[in-house]
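Structure assessment
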Amino acid sequence: MDWTDLIDAGFDLLGHGGTDARAAAVRGVEATVTPGEQPVAATAGRHPDHFRKGVLVLTTHRLLFLKDGKPPLPVALAAVTDTTVTRTRLNGEVLRVVALTGSHRFEEVAKAEFFAQQIREAALAARRAAAEPPTAAPAAVGPGADLLDQLERLAALHAAGALTAEEFGRAKQRLIG
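Computed from a prediction, not measured in an experiment: that's the story for all the values here.

1. As for the overall build of the protein chain
- Summing up its helical and strand segments, the protein chain has five helices and seven strands in all.
- Start at the N end of the protein chain and walk to the C end: the helices and strands fall as α-α-β-β-β-β-β-β-β-α-α-α.
- Burial statistics for the protein chain: of 177 residues in total, 36% are counted as buried.
- For the protein chain, long-range pairs separated by at least 24 residues make up 46% of all intrachain contacts whose partners lie at least 6 apart in sequence.
- When the accessible area of the protein chain is evaluated, it comes to approximately 10,200 Å², of which 57% is carbon and sulfur surface.

2. Some details on unusual backbone geometry
- In this structure, E108 is a non-glycine residue whose phi angle is positive, near 50 degrees.
- A relative accessible area of 30% means that E108 is categorised as partly exposed.
- One non-glycine residue, K111, lies in positive phi territory at about 55 degrees.
- Note on placement: K111 falls in the loop between β7 (102-106) and α3 (112-131).

3. Examining the nonpolar core
- Residues L56, L63, L77, L95, F115 and I119 are the most contacted members of the largest nonpolar core, which totals 22 residues.
- Mapped by element, the contributors of at least two residues to this core are β2 (54-59), β3 (62-66), β4 (73-76), β6 (92-99) and α3.
- Top element by residues in this core is α3. It accounts for seven residues.
- Dropping the residues within four chain positions of it, L77 is found in contact with L58, T59, T60, H61, R62, L63, I119, A122, A123, A126 and R127.
- Counting 14 residues, the second largest nonpolar core, distinct from the first, contains I7, F11, V57 and L66.

4. Topic: the sheet that holds β3
- Within the open sheet, the four strands sit side by side as β1-β2-β3-β4. Their pairing is antiparallel. Pairing within the sheet leaves two strands with one partner each, and these edge strands are β1 (39-45) and β4. When strand polarity is set aside, the average angle formed by the axes of neighbouring strands in this sheet is 20 degrees.
- In terms of strand pairing, β2 meets β3 through four bridges, oriented antiparallel. From the neighbouring strand, L58 faces β3, where its bridge partner is L63.
- Contacts from helix α1 (residues 3-14) reach β1, β2 and β3, with the element oriented near 20 degrees to β1.
- α3 contacts β1, β2 and β3 of the sheet and is inclined by roughly 35 degrees relative to β2.

5. Overview of α1
- Taking 1.5 Å of rise per residue, twelve residues should cover 16 Å, and α1 covers 16 Å from first to last C-alpha, within 8% of that figure.
- Within the span of α1, buried status applies to W3, L6, I7, G10, F11 and L14. One side of α1 carries all its buried residues, which in axial view fall inside an arc of 135 degrees.
- Each element contacted by the buried residues of α1 is listed here: α2 (19-32), β1, β2 and β3.
- At the exit of α1 stands G15, carrying a positive phi of roughly 90 degrees.

6. With respect to the sheet that holds β7
- The three strands are arranged β5-β6-β7 in an open sheet whose pairing can be described as antiparallel. With partners counted over all chains shown, the strands left at the sheet margins are β5 (80-88) and β7, one partner each. Neighbour-to-neighbour, the strand axes of the sheet open up by a mean angle of 15 degrees, direction not taken into account.
- Bridge count between β6 and β7: five bridges; the pairing is antiparallel. Residue pairing for β7: V98 is matched across the bridge by S103.
- Each of β5 and β6 is contacted by α3, which is oriented at about 175 degrees to β5, the strand it contacts most.

Rules of the game
Residues numbered from 1 in each chain as written. Predicted model: local features only at pLDDT ≥ 70, side-chain atom pairs only at ≥ 80, totals over all residues. Heavy atoms only, no water. Helix = DSSP H or I, 4+ residues; strand = E, 2+ residues; numbered from the N terminus. Buried < 20%, exposed > 50% of the residue type's maximum accessible area, 1.4 Å probe, protein only. Contact = heavy atoms within 4.5 Å. Areas by Shrake-Rupley, 256 points an atom, 1.4 Å probe, with all protein chains shown as cover. Core = buried A, V, L, I, M, F, W, Y, C linked by side-chain atoms within 4.5 Å. Pairing = 2+ DSSP bridges. Axes fitted to C-alpha atoms, helices over the stretch in contact; angles between N-to-C directions. Expected span 1.5 Å × (residues − 1). Arc of directions from axis to C-beta.

If you want it as structure tokens, here you go:
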């Protein structure tokens, strides 16, 4: 499955979104894809801060919320600690994703329980991958070794989507001095 197929599946569940909206969503996601990130699943839902529904896209690294051609709202999977589904009369199936960065609630989610299970599995895989020590790089020796290790950890968090480019830049400047 490629990005176009995945986003089309989400828009099909959404029930609207013309060719231009789909193409804009694909461009928005492809512009933010990190190396090694692959599409996993998509569904439709509504973020409580928005009136209209959007598309939830699950990747191997992040959960993205796409709406009206705006930049995707990302949640890094390595930071996800809990995912639950409840049902209410007013909001239908409600998907709640708790991450180290905060809690995210999506309402009227299509196929919410199945999608939640996919998030749980992808988050577990992302946490395991983040916990694995790098195997290719030899250990650095010398006074700058600690600084290099810290910069590598920051770069890994940025690549996983846990830090924005701005946050990464600020943290890097603090380390370098």
